[in-house]
Amino acid sequence: MTHELPLWFEWASLTALGVLLLVDLFVVGRRPHVPSVRESALWVGFYVALALVFGAIVAAVGGGAPAGEFYAGWLTEYSLSVDNLFVFVLIMARFAVPRAQQQRVLMVGIIVALVLRGAFILAGAAVLEQFVWVFYLFGAFLVYTAVKLVVGGDEPEEYRENRAVRLLRRVLPIGTRYDAGRVRTVEDGRRVFTPLVVVFLAIGSTDLLFAFDSIPAIFGLTQDPFIVFTTNVFALMGLRQLYFLLGGLLERLVYLPIGLAVILGFIGVKLVLEALHENTVPFINGGQHVEAVPTVPIWLSLVVIVGALAVTTVASLLQTRALRAAEGADVVTAGTRDEG
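Treat the numbers as computed from the prediction; the structure is a model and nothing was measured.

About the cut-offs
- Residues numbered from 1 in each chain as written.
- Predicted model: local features only at pLDDT ≥ 70, side-chain atom pairs only at ≥ 80, totals over all residues.
- Heavy atoms only, no water.
- Helix = DSSP H or I, 4+ residues; strand = E, 2+ residues; numbered from the N terminus.
- Contact = heavy atoms within 4.5 Å.
- Areas by Shrake-Rupley, 256 points an atom, 1.4 Å probe, with all protein chains shown as cover.
- Patch = residues over 30% accessible without salt bridge, like charges linked within 9 Å, V, L, I, M, F, W, Y side chains within 5 Å.
- Salt bridge = Lys/Arg side-chain N within 4 Å of Asp/Glu carboxyl O.
- Buried < 20%, exposed > 50% of the residue type's maximum accessible area, 1.4 Å probe, protein only.
- Pairing = 2+ DSSP bridges.
- Axes fitted to C-alpha atoms, helices over the stretch in contact; angles between N-to-C directions.
- Parallel < 35°, antiparallel > 145°, perpendicular 65-115°, else oblique.
- Left-handed = near helix turned anticlockwise from the far one by under 90°.
- Nonpolar A, V, L, I, M, F, W, Y, C, P; charged D, E, K, R; others polar.
- Expected span 1.5 Å × (residues − 1).

Chemist: It is not clear to me how the overall build of the chain should be interpreted in this structure. Could you clarify?
Modeler: Scanning the chain from N- to C-terminus turns up 11 helices and two strands. Moving toward the C terminus, one meets the helices and strands of the chain in the order α-α-α-α-α-α-β-β-α-α-α-α-α. Of the contacts formed within the chain by residues at least 6 apart in sequence, a portion of 78% connects residues at least 24 apart. Put simply, the chain shows about 16,800 Å² of open surface, and 67% of that area lies on carbon and sulfur atoms.

Pasting the structure below:
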C-alpha cells in the first residue's frame, strides 16, 4: 500500500541521501585505492546501521507499517544485490580494470543504476496504480525467476556486452588505456575516452537488468514509491564496500541462489494472493474481489526473508568447510601413498 508520509520528510530524506552519495563519490574520486578488509567492514557496518536508523525514523514519523515494509524491502534488495556482485567481478575482469580504480567504477556505476532504477520505479508505480492485474504478471515472473535460480539457468558463465555498451563503443572514440583513472586522455595524437566510460555504463546497465527481478520483488512488499526507492538506495550504497569485503567469500556462498529463489518465490506467491484479493480481471470470479484469499502480513515476509538468508548462509559456509576438509584429507592420503 501507499503510505501518507509527510512530504517534507520524503524530500529531506532524498536530499540527505543525495548529499551522502555525492560526498562518497568525491572522497572516492580524490583518493582512489584498494580498501582493506577492516575499512570495507567499517563502511558496510556504517551503511547497515544507517539503514536500520532510517527505518526507525520512518517508524517514528509514519508508524510501524511503512517501517516494516522498508526493512523487508531493504533486506530483499540487499540480498538480491549480493547476487549482482558475481557479475561485477566478471565485468572488472573482462575490462581489466585496475584494482585502485574499482571503487570509483563501482560508485559511478551505482549512481547510474540508481538514476535508471528511479525511472523504472516511477513507471512501475504508475502502472500498478492503474492496473492491479499487473500483480499477476509480476508474481508469475518472480516464481519463474525462482525456478530458474534453482535449476541454475540464471548463473552467468561470462560477461557479454549489452546493446547499450556496444552502442557507446560505436558513438564515442574509446581508447585502450586507463591513464590513472582519467575519463579523457590522448592516444596517437587524438582525444579519446578511456575504457572507464564503458565500464561505468556496463555496471549501471547490467544492474538495471537485475532490477527486472528486484523491482517486482520490492513492489510485492510495498507499493509506496518512496519506500521502494529508498530501499534501493540503501541496498546499493553499501554494495561497493561489500564487493571488496566479500572477495573470495562469494564463491563460498554455494546455496545463495536457493535462498534467493525461496525469497523470490515467496514474494511471487504473495503478489498473486494480493492480486486475487484485489481482483478486477473479468474472467476471474466475475471481476470481483476474492475475499476468501488470505493476504500475507509484513511480519511474515520479514521472517521468511531473514530465515532464508540465515539458513542458506550458514549451510553454504558449512558445506564449503566440509568440502575443504575433504580436499585436505585427499591431499594427505595421496601424499602418504606417494611415500609408500
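Chemist: Would you explain a nonpolar patch on the surface in this entry?
Modeler: Where nonpolar side chains cluster on the molecular surface, the patch consists of V143, V147, V150, V151 and V269 and spans about 420 Å² of accessible area. With respect to the helices and strands, V147 occurs in helix 5 (residues 134–151). Assessed through its relative accessible area of 48%, V147 is described here as partly exposed.

Chemist: Is there a simple way to explain the pairing of strand 2 (residues 190–193) in this structure?
Modeler: Relative to strand 2, strand 1 (residues 184–187) runs antiparallel, the two being bridged by four bridges. In the sheet register, V186 faces strand 2, and the bridge partner there is R191. Hairpin geometry of strand 1 and strand 2 is characterised by an intervening segment of two residues between the two adjacent antiparallel strands and by a positive phi of about 55 degrees at D188.

Chemist: Teacher, can you tell me more about the packing of helix 5 against helix 10 (residues 256–277) here?
Modeler: Two packed helices can be described by the angle between their axes and the distance between those axes. Between helix 5 and helix 10, the shortest axis-to-axis distance is 7 Å and the interhelical angle comes to 160 degrees. As judged from the angle between their axes, helix 5 and helix 10 are roughly antiparallel. Of the two elements, helix 5 crosses helix 10, and the hand of that crossing is left-handed. Taken together, the residues of helix 10 that come into contact with helix 5 (itself represented by F135, Y136, F138, G139, A140, L142, V143, T145, A146, L149 and V150) are P257, L260, A261, L264, G265, I267, G268, V269, L271, V272, A275 and L276. Of the residues contributing to the contact of helix 5 with helix 10, the split by class is 19 nonpolar, four polar and no charged.

Chemist: Whenever I open this one, the environment of E278 confuses me. Can you help?
Modeler: Relative to the assigned elements, E278 resides in the loop between helix 10 and helix 11 (298–339). The class of E278 is partly exposed, set by a relative accessible area of 40%. Along the primary structure E278 and V293 are separated by 15 residues, whereas in three dimensions their C-alpha atoms are 9.6 Å apart.

Chemist: When you look at helix 8 (residues 225–237) in this model, what are you seeing that I'm missing?
Modeler: An α-helical segment advances 3.6 residues per turn. Residues three or four places apart therefore align on the same side. The terminal C-alpha atoms of helix 8, which comprises 13 residues, lie 18 Å apart, in line with the 18 Å expected from a rise of 1.5 Å per residue. For helix 8, the buried fraction is high: 11 of the 13 residues fall into the buried class.

In short, shape yes, function no, at least from these values alone.
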